[in-house]
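Summary of the model geometry
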Amino acid sequence: MADLKLGEMTSKVVEDLLVSQNLDLIVPLGACEQHGPHLPLSTDQIIAENLAERVANAVGEILIAPSIPVGVSGHHLSFSGTSTISSENYVLHLIDIISAYLQHGFRTVYLVTGHAGNCTSMNLIKERFEEGQVVSFDDWPIQRSLIHDVAVTQLDLNPEIVGTHAGHFETSIILLLRPDLVHEDAYEAGFVGPADQASSKLMSGGMHALSSIGVIGDPHGATAEAGELYLEALTN
């Protein structure tokens, strides 16, 4: 199917598709949160939507639902523009949305996220449905290891420079997908250190306690070509 976006179809078109074939649905989960002085608040949404499109085009028999633009981002609230939803409300919100999609006849709902902070909630959501109804890609440590493997084996970069939030990794992806939204003149290194140490401090004290500019890693040297390598690794 040339048009995979559920939100751009009429109800009748969706009804006919569900009658004529088995269809899955992929739901991109983003966030509205700061990404340092150089990337947009919608960075995670942009990444999640692109991952969903790549997966849908690769596997077939799947549509892409409208993305959920706000996620669990309480640890970024000290930075202007960030919005958040509690994990409890996020779980209930998505359970209602997914239940409606399943009621209409979608076979399986897949959840993909551009924001690691959504992962714990995603795991709770899939446990509320029967086996096979919801598949959630919520293992952030595995996804992080894929990104860092690309850095080491293909880009000859230290994973601590690549980072996990607004560093080389995410900056490269946005340079590929939305270069018009990247402020290259505002590049600045943030926390550069072990990922486990960053995660622990981030969860206990919030982003500002870890990095006053809201960056984990260093965006300098980011390229669209590296962004493509990162996305390929996450998609495969």
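Residues numbered from 1 in each chain as written. Predicted model: local features only at pLDDT ≥ 70, side-chain atom pairs only at ≥ 80, totals over all residues. Heavy atoms only, no water.

Structural notes on the overall build of the protein
Counting its regular elements, the protein contains 10 helices and 4 strands. Moving toward the C terminus, one meets the helices and strands of the protein in the order α-β-α-β-α-β-α-β-α-α-α-α-α-α. Computed over the C-alpha atoms, the radius of gyration of the protein is 18 Å, within 12% of the 18 Å expected from 2.2 N^0.38 for a compact globule of 236 residues. With the C-alpha coordinates aligned to their principal axes, the bounding extent of the protein is approximately 50 × 35 × 30 Å. Of all 236 residues assigned to the protein, the portion counted as buried reaches 48%. Contacts in the protein between residues at least 24 apart in sequence constitute 74% of all its contacts with a sequence separation of at least 6. For the protein, the exposed area adds up to about 10900 Å²; of that, 51% sits on carbon and sulfur atoms. Of the charged side chains in the protein, 9 are positive and 30 negative; the average position of the first set lies 5 Å away from that of the second. (Helix = DSSP H or I, 4+ residues; strand = E, 2+ residues; numbered from the N terminus. Rg over C-alpha atoms; globule rule 2.2 N^0.38 Å. Buried < 20%, exposed > 50% of the residue type's maximum accessible area, 1.4 Å probe, protein only. Contact = heavy atoms within 4.5 Å. Areas by Shrake-Rupley, 256 points an atom, 1.4 Å probe, with all protein chains shown as cover. Lys, Arg positive; Asp, Glu negative; His and termini not counted. Charge placed at Lys NZ, Arg CZ, Asp CG, Glu CD.)

Some remarks on the packing of aromatic side chains
Tallying each qualifying case throughout the model produces 3 aromatic pairs. Ring centres of tyrosine 101 and phenylalanine 106 lie 6.2 Å apart, and the angle between their planes is 85 degrees; on these two criteria the pair is classed as edge-to-face. The two residues tyrosine 101 and phenylalanine 106 agree in class, both being buried. Aromatic side chains phenylalanine 169 and tyrosine 230 sit 5.6 Å apart centroid to centroid with 85 degrees between the ring planes, which places their arrangement in the edge-to-face category. With phenylalanine 169 in helix 7 (residues 168–177) and tyrosine 230 in helix 10 (residues 224–235), this residue pair connects regions lying 61 residues apart in the sequence. In terms of burial, phenylalanine 169 and tyrosine 230 fall into one category: buried. (Phe/Tyr/Trp six-rings, centres within 6.5 Å; stacked < 30°, edge-to-face > 60°.)

What about the environment of proline 40?
Take proline 40: it is sitting in the loop between strand 1 (24–29) and helix 2 (43–59). A relative accessible area of 14% places proline 40 in the buried class. For the pair proline 40 and valine 134, spaced 94 residues apart in the sequence, the C-alpha separation amounts to 30 Å. Residues within four places of proline 40 in sequence aside, it is in contact with Glu33, His35, Ile46, Ile174 and Leu181.

Overview of the side chain of threonine 108
Inspection of the secondary structure puts threonine 108 in the loop between helix 3 (87–103) and strand 3 (109–113). Once you skip the residues sitting within four places of it in the chain, threonine 108 turns out to touch Leu23, Asp24, Leu25, Gly132, Gln133, Val134 and Val135.

Some details on the nonpolar core
Ranked by size, the top nonpolar core spans 27 residues in total, and within it Leu25, Val27, Ile98, Phe106 and Leu111 carry the most contacts. Contributing elements (two or more residues each) for this core: helix 1 (11–20), strand 1, helix 3, strand 3 and helix 4 (119–126). Looking at this core element by element, the count peaks at 7 residues for helix 3. Leave out the neighbours within four places in its chain, and phenylalanine 106 touches Leu6, Val14, Leu18, Leu23, Asp24, Leu25, Leu63 and Tyr101. Membership of the second largest hydrophobic core comes to 25 residues, among which are Leu51, Trp140, Ala166 and Phe169. (Core = buried A, V, L, I, M, F, W, Y, C linked by side-chain atoms within 4.5 Å.)

Thoughts on unusual backbone geometry
If you check the backbone angles, glutamate 61 has positive phi at about 55 degrees while not being a glycine. Within the secondary structure layout, glutamate 61 lies in the loop between helix 2 and strand 2 (62–64). Positive phi values are uncommon outside glycine, yet alanine 166 reaches one of about 70 degrees. Residue placement: alanine 166 occurs in the loop between helix 6 (159–162) and helix 7. Given the relative accessible area of 0%, alanine 166 is considered buried.

Some words on the sheet that holds strand 2
An order of 2-1-3-4 is seen for the 4 strands of this open sheet, with the pairing classed as parallel. Every interior strand has two partners, whereas the edge strands, strand 2 and strand 4 (134–136), have only one. If you compare each strand with its neighbour and ignore which way they point, the axes differ by 25 degrees on average. Alignment of strand 3 against strand 4, held across 3 bridges, turns out to be parallel. Bridge pairing links valine 109 to valine 134 in strand 4. Contacts from helix 2 reach strand 1, strand 2 and strand 3, with the element oriented near 160 degrees to strand 1. Seen against the sheet, helix 4 touches strand 1, strand 3 and strand 4 and runs at an angle of roughly 170 degrees to strand 3. (Pairing = 2+ DSSP bridges. Axes fitted to C-alpha atoms, helices over the stretch in contact; angles between N-to-C directions.)

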